Amino acid sequence: MRVERRVLRIHEQIFEDLNDYLKKGKNMSVACLISMILYAVQFGGIEETLGRLFTAMVVQNCMDAPSKLVRAVIALIAMDNDGGIVFERTRKMVKDGLKELPSLYAYKEFAPTPSNVWIDKANFNIKVRDTYEDGKRCLGNYFYETLFTKPIYVDTENAYEVLPHGSKIALVTFCDADMKTVLLWRIHKHTRKEVENMKKLMIELSKVRKFAAFGREEFFDPILLADFDIGGTSLKSLAMSHGIEMSKTETMSNWTAEELRDDQIQYAAFDAVVLHLLHQRVDPISSEEVARRRMMKKKQRRRRRNRGMFF
Ligand SMILES: *[C@@H]1O[C@H](CO)[C@@H](O)[C@H](O)[C@H]1NC(C)=O
């Protein structure tokens, strides 16, 4: 099989990214890995030597997957993407196999709530919205009432490349622990103007409700976020130290996919809900303190720069 240099480069890059990720001992879901293979063959057939490496990676990381699916993936890796019927049929088998994979996640926080349960004991309702109008309508509900006691917990998920609206952010998560809703606002198809308007809306919202996150989330600038990141540890380890288990198998998955898999939805939602669970045990660094520390750092940098100028 002849493979164009450009295509080979892309495949090598994909392999390296996956390999780096897996080498760090991080988990990746079968669906996530196989989606990447589907993505790779879009550009053309995979060169043989590299193909063997991909195959080994699939064999090693998809031990729990149905063998029929794994066989189809391996066949696909060895094929030339000539657009022929055999290639297309194999690709379809893999795609269909992906849809049939059982869910990895079954967070009890997202189980349906029986109708006789009060809202404070209710589970979270996840809403996925992917147009600006729908996102805006949904976030609009976060304004009402004044009895809210909890901040809005936020998080973001990234695409692989910069999107038309000018950043890599594909999805913004808002968890309202008072209303027990999680909004997954998908912005990967938004225009620059729509994201600007979304930011204006968030700024309005930040006047009536506080926001909290783990670590710096520049997407929300200039809104100040309370921060659960006390330094030196990941969110996963911090959660673990408080007895909350969270899985990180979808970090690298395709957040611009036409439709998100159920696992991706639960994963993204839990990244914000976990902050609510943490908040029942620890307090975040307040947004005022975050602002003060940021200002101090800026001053220090300026002082260092000035010293550099004089000596
Ligand atoms: C992600 O999904 C989109 C939409 O289906 C597709 O165009 C893109 O190639 C996918 N990217 C990856 C890395 O799978």
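For clarity, every value in this text was computed on a predicted model and none was experimentally measured.

> What's the story with the site of the ligand in this structure? I'm lost.
Surrounding the ligand, one finds Tyr39, Gln42, Tyr160, Asn254, Thr256, Ala257 and Glu258. Separating an oxygen atom of the ligand from a side-chain N or O atom of Asn254 is a distance of 2.4 Å. Relative to its unbound accessible surface of 370 Å², the ligand loses 68% to contact with the protein. Its atoms largely coinciding with the cavity grid, the ligand occupies the largest pocket. Of the residues in the shell around the ligand, the class split is three nonpolar, three polar and one charged.

> Just checking my understanding: could you explain the layout of surface pockets for this structure?
If a probe the size of a water molecule is rolled over the atoms, the empty space left behind becomes visible. Reported here for the largest pocket is a volume of approximately 1200 Å³. If you trace the largest pocket, you find 41 residues lining it, with Ala31, Ser35, Leu98, Arg261 and Gln264 closest to the centre. Mapped by element, the contributors of at least two residues to the lining of the largest pocket are helix 2 (30-42), helix 5 (85-100) and helix 9 (262-279). For the lining of the largest pocket, the leading source of residues is helix 2, giving seven residues. For the lining of the largest pocket, the residue count by class is 18 nonpolar, 12 polar and 11 charged. Residue contributions to the lining of the largest pocket reach at least three from each of two domains, namely domain 1 (1-100) and domain 2 (108-288). Space inside the second largest pocket adds up to approximately 480 Å³. Lining the second largest pocket are 20 residues, and of these Thr156, Glu157, Lys248, Thr251 and Tyr267 sit closest to its centre. Taken together, the elements giving at least two residues each to the lining of the second largest pocket come down to strand 2 (152-158), helix 8 (235-241) and helix 9. Broken down by class, the residue content of the lining of the second largest pocket amounts to nine nonpolar, five polar and six charged.

> What is the right way to look at the pattern of salt bridges in this model?
Between side chains of opposite charge, pairing is possible as soon as their charged atoms come close. Using the criterion set out here, one finds 19 salt bridges in the structure. Between Lys189 and Glu258 there is a salt bridge whose closest N-O contact spans 3.5 Å. Taken together, the residues Lys189 in the loop between strand 4 (181-186) and helix 7 (192-208) and Glu258 in the loop between helix 8 and helix 9 connect sequence positions 69 residues apart. You can call Glu258 exposed: its relative accessible area is 62%. A salt bridge links Glu289 to Arg293, with the nearest nitrogen and oxygen atoms 2.9 Å apart. Here Arg293 and Glu289 lie together in helix 10 (residues 287-310), a separation of four residues that amounts to about one turn.

> Teacher, can you tell me more about helix 1 (residues 5-23) here?
Structural remark: α-helix, 3.6 residues per turn; residues separated by three or four positions point the same way. Here helix 1 spans 26 Å end to end across 19 residues, near enough to the 27 Å set by a 1.5 Å rise per residue. Inspection of helix 1 places Val7, His11, Ile14, Phe15, Leu18, Tyr21 and Leu22 among the buried residues, and these make up the whole buried set. Burial along helix 1 is one-sided: seen end-on, the buried residues are contained in an arc of 130 degrees. In helix 1, the exposed positions that point more than 90 degrees away from the buried face belong to Arg5, Arg9 and Lys23. Buried-residue contacts for helix 1 involve helix 2 and helix 3 (48-61). Immediately downstream of helix 1, the backbone of Gly25 shows phi near 80 degrees, a positive value.

> Please explain the domain arrangement of the protein as it appears in this structure.
In many analyses, interface size is given as the accessible surface area lost on bringing the parts together. The domains assigned to the protein are domain 1 (1-100) and domain 2 (108-288). Of note, the centres of domain 1 and domain 2, computed from C-alpha atoms alone, are 31 Å apart. Across the contact, 10 residues belong to domain 1 and nine residues belong to domain 2. In this assembly, domain 1 packs against domain 2 so that about 750 Å² is buried in total across both faces, 67% of it on carbon and sulfur atoms. By the criterion of area lost to domain 2, the three top residues of domain 1 are Tyr21, Ser29 and Cys32, representing 47% of everything that side buries. Joining domain 1 to domain 2, the criterion identifies zero salt bridges. The interface formed by domain 1 and domain 2 holds four residue pairs in polar contact (both at pLDDT 80 or more) in total.

> Would you mind showing me how to read the UniProt feature "transmembrane region" (unreviewed entry) in the protein here?
Following the UniProt record, the feature "transmembrane region" (unreviewed entry) maps to residues 28-46 here. Secondary structure content for residues 28-46 is 68% helix and 0% strand, while the C-alpha to C-alpha distance between its ends is 22 Å.

Reading the values: the criteria
- Residues numbered from 1 in each chain as written.
- Predicted model: local features only at pLDDT ≥ 70, side-chain atom pairs only at ≥ 80, totals over all residues.
- Heavy atoms only, no water.
- Near = heavy atom within 4 Å.
- Polar contact = N/O pair within 3.5 Å; in protein donor to acceptor, adjacent residues only side chain to side chain.
- Areas by Shrake-Rupley, 256 points an atom, 1.4 Å probe, with all protein chains shown as cover.
- 1 Å grid on protein atoms, 1.4 Å probe; cavity = no way out; pocket = protein on both sides within 12 Å on 5 of 7 lines; lining within 4 Å.
- Sits in = over half its atoms within 2 Å of the grid points.
- Nonpolar A, V, L, I, M, F, W, Y, C, P; charged D, E, K, R; others polar.
- Points joined across faces, edges and corners; volume = space filled by probe spheres on them.
- Helix = DSSP H or I, 4+ residues; strand = E, 2+ residues; numbered from the N terminus.
- Domains from an automatic or database assignment.
- Salt bridge = Lys/Arg side-chain N within 4 Å of Asp/Glu carboxyl O.
- Buried < 20%, exposed > 50% of the residue type's maximum accessible area, 1.4 Å probe, protein only.
- Expected span 1.5 Å × (residues − 1).
- Arc of directions from axis to C-beta.
- Contact = heavy atoms within 4.5 Å.
- Buried area = accessible area lost by both parts, 1.4 Å probe.
- UniProt positions renumbered as here; feature names shortened; annotations may be inferred.

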